[in-house]
Amino acid sequence: MAVSEAPLLAAAARRPAPVTPIWFMRQAGRYMPEYRALRERHTLLELCAQPELITEVTLQPVRALGVDAAILFADILLPLVPMGLDLGFVAGEGPAIANPVRTAHDIASLRAVDPEADLGAVLSGIRILSGELPPHVPLIGFVGGPFTVGTYAVEGGPARQALEAKRMMHAAPELWHALMQKLTVALGDFLVAQVRAGARVVQLFDSWAGLLDAHDYRTHALPYSRAVLERVADLGVPRIHFGVGASHLLPAMRETGAEVLGLDWRTSLDEGWASVGPDRAVQGNLDPAALFAPLPELRRRVDRILERAAGRDGHIFNLGHGILPGTPVDHVRAVVDYVHERTAG
Ligand code: CP3
């Protein structure tokens, strides 16, 4: 198959694809026995620090599931480490930052990131993967949106209500904008470096953007997401933009320029696509919990999404958020096969 015929690239460009391409956010992870086996010996940050392990974990779901894309194994919070934050992952709780960013001094102390020197393991992983992946399975590189990464940096842990981040935005907007500017440079440089290393698609995860109303989103998040995505606009890679619980923001999110907008599962795919506009592709949007349903019910839920896509060019099948721990691997595989069967030819 020629490189340009990868189903994911065709769909991202709203060209006819041989099948509806499908991949899953968080397709590598604890629901897979082969991932758990590696995690017994290495922490998450150790996995992300070794190109061979990054490569192995990225390839696990490609082998096991037959998906149409590989997503680089890394985390949106990794760039915070070379910036000077003391990041760890606490089992069962998620990310924890020992020295969250709260003051002008904290922001001024954040170091600039040199992707090659500071995040070189990830870039080496991309170079290895580019040689190993078949041409019809493009590698997706990613960064978090400055808003989401910044919210973690200020909160020091899971965003929940993003109260500390919003406190900074409201009480000291100049601090928030200074933080956003630093993150925009670091994340933009890192994304450009990923594309130069061989990522063929990029995704900007602005997972917590849905916590903002449209006015705050436009003031405190959108300009920075747009600036990050503009950095790769001329590099020939489709750009996917995704947020959770963000259907009220879709018309604003399209202003980032992303070619593909991710829809979470609360929005019906046809309504989400209507707010995104017919000149963009969409990605989504099965409820991650549906993967636990008995197979006939799971298939009906897949059918409903495909009906809403109505055979239009430009649909990338995915979940409405990441795969949950405990998801049955055979159900994930069944969805891949079913989407391919239903949409072939
Ligand atoms: O397979 C993939 O999708 C690629 C790798 C990937 C990870 N994190 C690995 C990971 C990607 C794309 C991410 C993105 C990410 N990380 C997001 C955006 C997407 C989303 O889910 O909204 C966010 C918000 C994070 C921050 C983060 N990292 C959280 C909240 C957690 C803890 C929650 C959890 O699922 O455990 C992580 C840890 C993390 N990142 C794991 C993985 C596989 C679990 C790690 C483990 O314990 O092995």
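Only a predicted model underlies this, so the values are computations on that prediction, with no experimental measurement involved.

Caption draft 1: Layout of the packing of helix H8 (residues 146-155) against helix H10 (residues 173-197). Running from N to C, H8 and H10 point in directions that differ by 120°, and their axes come no closer than 9 Å. In terms of orientation, H8 and H10 fall into the oblique class. Here H8 and H10 pass one another in a crossing that is right-handed. Each of Pro-146, Phe-147, Val-149, Gly-150, Thr-151 and Val-154 in H8 lies in contact with H10, whose residues at this interface are Trp-176, Leu-179, Met-180, Leu-183, Thr-184 and Leu-187.

Caption draft 2: A look at the site of the ligand. Around the ligand, the structure places 22 residues, and the nearest of them are Arg-30, Tyr-35, Arg-39, Asp-75 and Ser-207. Note that an oxygen atom of the ligand is positioned 2.7 Å from one of the backbone N or O atoms of Arg-26. Residue Arg-30 places a side-chain N or O atom 2.6 Å away from an oxygen atom belonging to the ligand. For the ligand, whose free accessible area comes to 860 Å², the fraction covered by protein is 88%. The site holding the ligand turns out to be the largest pocket. For the shell around the ligand, the secondary structure elements donating two or more residues are helix H2 (33-41) and strand S3 (94-97). Residues that form the shell around the ligand fall into these classes: 14 nonpolar, 4 polar and 4 charged.

Caption draft 3: Looking closely at the pattern of salt bridges. Per the counting criterion, the structure on display carries 14 salt bridges. For Glu-259, the salt bridge identified is with Arg-239, shortest N-O distance 3.0 Å. Taken together, the residues span a long stretch of sequence, with Glu-259 in the loop between helix H13 (250-253) and strand S7 (260-262) and Arg-239 in strand S6 (residues 239-242) at a distance of 20 residues. Relative accessible area serves as the criterion here: at 28%, Glu-259 is assigned to the partly exposed category. The buried category is assigned to Arg-239, whose relative accessible area is 7%. Two residues, Glu-297 and Arg-300, come together in a salt bridge whose shortest N-O distance is 2.8 Å. Of the two residues, Glu-297 and Arg-300 are both situated in helix H15 (residues 295-309); the distance of 3 residues between them amounts to about one turn of the helix. Ionic contacts of the salt-bridge type, sharing partners, join the residues Arg-254, Asp-279 and Arg-280 into one network.

Caption draft 4: Structural view of helix H16 (residues 329-343). In this model H16 runs 22 Å from its N-terminal to its C-terminal C-alpha over 15 residues, within 8% of the 21 Å that 1.5 Å per residue would give. Within H16, the full set of buried residues consists of His-331, Val-332, Ala-334, Val-335, Val-336, Tyr-338, Val-339, His-340 and Thr-343. Residues of H16 that are buried sit in contact with helix H4 (51-65), H15 and strand S9 (315-319).

Caption draft 5: How the structure looks around the packing of aromatic side chains. Considering all chains together, one arrives at 5 aromatic pairs under this definition. The interplanar angle of 85° and the centroid separation of 5.5 Å between the aromatic rings of Phe-142 and Phe-205 together place this pair among those described as edge-to-face. With Phe-142 in strand S4 (residues 139-144) and Phe-205 in strand S5 (residues 201-205), the pair connects residues that are 63 residues apart, well separated along the chain. Summarising the burial analysis for this pair, Phe-142 and Phe-205 share the class buried. Ring centres of Phe-205 and Phe-242 lie 6.3 Å apart, and the angle between their planes is 85°; this geometry places the pair in the edge-to-face category. Of this pair, Phe-205 sits in strand S5 while Phe-242 sits in strand S6, and the two are 37 residues apart along the sequence. Just as Phe-205 is buried, Phe-242 falls in that class too.

Caption draft 6: Layout of empty space enclosed by the protein. One pass over the full model with this rule turns up 1 cavity of 30 Å³ or more. As a volume, the largest cavity reaches approximately 40 Å³. Lining the largest cavity we find Gly-243, Ala-246, Ser-247, Leu-250, Met-253, Gly-262, Leu-263, Asp-264 and Thr-267.

Caption draft 7: Just the side chain of Asp-68, in detail. Positionally, Asp-68 belongs in the loop between H4 and strand S1 (70-71). Of the side chains with opposite charge, Arg-333 comes closest to the buried, unpaired Asp-68, at an N-O distance of 9.8 Å.

Scoring rules and cut-offs
Residues numbered from 1 in each chain as written. Predicted model: local features only at pLDDT ≥ 70, side-chain atom pairs only at ≥ 80, totals over all residues. Heavy atoms only, no water. Axes fitted to C-alpha atoms, helices over the stretch in contact; angles between N-to-C directions. Helix = DSSP H or I, 4+ residues; strand = E, 2+ residues; numbered from the N terminus. Parallel < 35°, antiparallel > 145°, perpendicular 65-115°, else oblique. Left-handed = near helix turned anticlockwise from the far one by under 90°. Contact = heavy atoms within 4.5 Å. Near = heavy atom within 4 Å. Polar contact = N/O pair within 3.5 Å; in protein donor to acceptor, adjacent residues only side chain to side chain. Areas by Shrake-Rupley, 256 points an atom, 1.4 Å probe, with all protein chains shown as cover. 1 Å grid on protein atoms, 1.4 Å probe; cavity = no way out; pocket = protein on both sides within 12 Å on 5 of 7 lines; lining within 4 Å. Sits in = over half its atoms within 2 Å of the grid points. Nonpolar A, V, L, I, M, F, W, Y, C, P; charged D, E, K, R; others polar. Salt bridge = Lys/Arg side-chain N within 4 Å of Asp/Glu carboxyl O. Buried < 20%, exposed > 50% of the residue type's maximum accessible area, 1.4 Å probe, protein only. Expected span 1.5 Å × (residues − 1). Phe/Tyr/Trp six-rings, centres within 6.5 Å; stacked < 30°, edge-to-face > 60°. Points joined across faces, edges and corners; volume = space filled by probe spheres on them. Lys, Arg positive; Asp, Glu negative; His and termini not counted.

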